[in-house]
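Chain and residue survey
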Amino acid sequence: MAEAAVKQTPTDAMIATLDMPQGGWSDAARRDALARVQAMGLPGRRDEYWKYTRPDTLVQAQAVPAALRDGDDTVLFDAVDRLKIVFVDGVFDANASDDLTLEGITIERLADATSDLHWGRDLYGVLENNGQNPVPRPLAALNTAFAADGVLIHVTGKPSKPVNIIYRRTSTTADAMLHHCIKLDAGAELTLLENGPVAARFNGVLEVEVADKAAFHHVRAQGRDHEQRAATHIFARLGTESTFKSFTLTANGVMTRNDCVIELTGDDAAAHVAGACVGDGRDFHHDDTVFITHDAVNCESRQVFKKVLRNGATGVFQGKILVKEGAQKTDGYQISQSLLLDDDSQFLAKPELEIYADDVACSHGSTSGAIDEDALFYLRSRGVPHSTATDLLTLAFLAEAVLEVEDEDLREEVTGRLASWLERHAA
Amino acid sequence: MLSIKGLKVKLEDEDKQILKGVDLEIEAGKVHAIMGPNGSGKSTLSYVLSGKDGYEVTGGEASLEGVDLLDMEPEERAAAGLFLAFQYPVEIPGVGNMTFLRTAVNAQRKARGEEEMTAAEFLKVVRARAKELKIDADMLKRPVNVGFSGGEKKRNEILQMAMLEPKMCILDETDSGLDVDAMKLVAEGVNALRTEGRGFLVITHYQRLLDHIKPDVVHIMADGRIIKTGGPELALEVENNGYADILAEVA
Ligand SMILES: Nc1ncnc2c1ncn2[C@@H]1O[C@H](COP(=O)(O)OP(=O)(O)OP(=O)(O)O)[C@@H](O)[C@H]1O
Ligand SMILES: [Mg+2]
């Protein structure tokens, strides 16, 4: 009780700064979510789930301003034929966006979807709420309660091109909260791309319902923004024989916490979550927190997270595979590795397995280490300069995560971005 | 070509002297062989010449065509024309063999102020050289040395040598792990590169390789020194009688 009382203060302070959108189909979900946040309290330093990452700047009432420093990186996905949805400082920009009509898909702005009988009612805040157990994620509930903008995407078929949510930032103080919901009907397919700097502080939630035999591919780039602070949550629920694949590239930013919560509820489904992260400097802190629940037979899950850290950067990985009773023939794989380019950088990992079925194959591994000196000498002895050799080995280290991006062109873009980052941040 | 004078080397982290004064002159166009008991310092000599960390030169000098090698970074030595075929080639997961080769070839060209090879040009040359060494396309695509058999790794070393066209080639037990046919392939690869302007230092334990790559000079190394130098017949003597007689002779 005393603990909750102590935590109540910052939560109330935060809530006092926010306006809850009123009315419409999401009203009940928002009120429920607000009650959840008030009951849980925003994360504090003593929370088990925030042991390695200080939530202070994410939960304080005012966002820390972040300088605009654009122009030192190429923009990703420019060459891809896609449908663009643009948010500027966390607000949908219709003029900058494409026409939102595309065969096989319906796209609406969250703020515009006001009818009482919207499909969003069965998804908005629902997966987030499911994901609060056994681990509370108050920032996600806060988002459900207060997010004023975002997109609702209903995928009924196989649209001819990917949807690209593009973020742009013009303000040094924007504090953005966005909530996207994606519903894939049985057999539907969607590739979602996300990139660009969102805001000085970003609280993002993405809820994805993947029905039977549907497939969702997600490639996200967090970067081109040196001082951003972000807490993002992905909640996904998978039906029978469905596929969910999400890859995140993170470069720069000062504080990033990416939660991913996946429930495999139909047999023979596959969920892959991967991340490649490169961080430079004492201010850089990146946290991947993943929770995958197997609640069906013969499902596969893969977590592949690689981080390259230098000059005192910090990386965190908390990953859990929960195999429920009856989830037989589960194939669970989890690997989290960091390449520490100096002694000042650190990697903190907490891999967990919790298994209540007897016929499962689960493996997990976590390592952190330096560049392989023998490989480095071998390359140099062939005439490859020290910095080029280091970059080659670093990209090789990241490759297992990048390979999780299925599309070859997208994969090349991601690799190119990583290579140019490494070049700019040469030792 | 390669000139080594009184080279003394100890381990950086340990008080252990490995090379105790090595003298060696390898002229352009010549093949020198070094034989010697296990642990006598042959690989150490090749590593120190190519610039590996962990060793400290405590005396002497080494130069390539009159240029001091010991002050240079490993990549500078390579660009200057030095090549070492490793006794134990290193596996590099995640770096494709082709990418590796092309990066190396072009990095050296760039360092020497030469024009870089285009992708097409490179592909043509590498395919031809690989074919001569019976290295198939699949091996070129795979990550450097990963999952290669012992013999495949050695052939891959020779492929790199053929692509880089160094002036001074050091081969550290390139014959170990090779079957009879592969040994011939490797020897042919080396012989094809034998030209007026190029020097070779072949480290081996066996006469067999020297049947195919005929050396001009044979040295015996023991306990960090060259203790005897002779013609090809010296290798035959070692093959027949081992090192006991030679060691006794100089003791
Ligand atoms: N990095 C090192 N750490 C410890 N000992 C070393 C190191 N490098 C070389 N040595 C030692 O130096 C000596 C010479 O080793 P080296 O590998 O040069 O021998 P070699 O003549 O190549 O032997 P072989 O015929 O078995 O290949 C050995 O006693 C070896 O154990
Ligand atoms: Mg040796």
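Quantities reported herein were computed from a predicted structural model and do not represent experimental measurements. As a convention, each chain's residues are numbered from 1 in the sequence order in which they are written. Key to labels: chains lettered from A, ligands numbered from 1, both in the order written. The model is predicted, so local features are restricted to residues of pLDDT at least 70 and side-chain atom pairs to those at 80 or more, both for listing and for counting; the totals for chains, interfaces and linings are taken over all residues. Based on all heavy atoms of the structure, the side-chain values leave hydrogens and waters out of the count.

1. Regarding the pattern of salt bridges
Any carboxyl oxygen of Asp or Glu that lies within 4 Å of a side-chain nitrogen of Lys or Arg is treated as forming a salt bridge with it. This structure, assessed with the given rule, holds 37 salt bridges over all chains. Here Lys158(A) and Glu189(A) are joined by a salt bridge, their closest N and O atoms 3.7 Å apart. Here the residue Lys158(A) occupies a position in the loop between β5 (151-155) and β6 (163-168), and Glu189(A) occupies one in strand β8 (residues 189-195), the gap between them amounting to 31 residues. Buried, partly exposed and exposed residues are distinguished by accessible area as a fraction of the type maximum, computed with a 1.4 Å probe on protein chains only: under 20%, between the cut-offs, and over 50%, respectively. For Lys158(A), a relative accessible area of 57% corresponds to the exposed category. Lys52(B) is the salt-bridge partner of Asp374(A), the closest N and O atoms lying 3.7 Å from each other. Taken together, the residues Asp374(A) in helix α6 (residues 373-381) and Lys52(B) in the loop between α1 (42-50) and β4 (55-64) connect one chain to another. What makes Lys52(B) partly exposed here is its relative accessible area of 24%. Residues participating in the shared-partner salt-bridge network are Arg137(A), Arg257(A), Asp259(A) and Asp287(A). Helix and strand assignments come from DSSP, with helices taken as H or I runs of at least 4 residues and strands as E runs of at least 2, each series counted from the N terminus.

2. Quick word on unusual backbone geometry
All names here are of chain A. Following Asn133, the chain continues into Pro134 via a peptide bond in cis, with omega recorded as 5°. Within the element layout of this structure, Pro134 appears in the loop between α4 (126-130) and α5 (138-146). In this structure, Lys213 takes a positive phi of about 60° despite not being glycine. Inspection of the secondary structure puts Lys213 in the loop between β9 (201-210) and β10 (215-222). The class for Lys213 is exposed, based on a relative accessible area of 53%.

3. A few points about the coordination of the magnesium ion (ligand 2)
Bound to the magnesium ion (ligand 2) on the protein side are Ser43(B) (OG) and Gln87(B) (OE1), at distances that span 2.0 to 2.2 Å. Taken as a pair, Ser43(B) in helix α1 and Gln87(B) in the loop between β6 (82-85) and β7 (92-96) lie far apart in primary sequence, 44 residues in all. As a rule, N, O and S atoms within 2.8 Å of a metal are its donors, except that Na, K and Ca use 3.2 Å; water is not among the atoms, so sites may look incomplete.

4. Considering the nonpolar core
Ranked by internal contacts, the top residues of the largest apolar core, which has 114 residues, are Phe247(A) and Leu45(B). There are two domains that each give this core at least three residues, and those are domain 1 (1-73 + 210-226 + 241-251) and domain 2 (84-165) of chain B. Contacts between residues were defined by any pair of non-hydrogen atoms, one from each residue, lying within 4.5 Å. Each residue touching Phe247(A), except ones within four places of it in the same chain, is listed here: His218(A), Val219(A), Arg220(A), Ala274(A), Gly275(A), Ala276(A), Ala401(A), Val402(A), Val405(A) and Val414(A). Buried residues of nine kinds, namely Ala, Val, Leu, Ile, Met, Phe, Trp, Tyr and Cys, make up a nonpolar core once their side-chain atoms join them within 4.5 Å. Formed by 53 residues, the second largest nonpolar core is a distinct cluster that contains Ile105(A), Leu178(A), Phe202(A) and Phe305(A). What fixes the domain bounds is an automatic or database domain assignment.

5. Some points on the UniProt feature "domain: ABC transporter" (unreviewed entry) in chain B
UniProt positions are given in the numbering used here, feature names are shortened, and annotations may be inferred rather than shown by experiment. What UniProt calls "domain: ABC transporter" (unreviewed entry) maps, in this numbering, to residues 2-248 of chain B. The distance separating the terminal C-alpha atoms of residues 2-248 of chain B is 29 Å; by composition the span is 40% helix and 28% strand.

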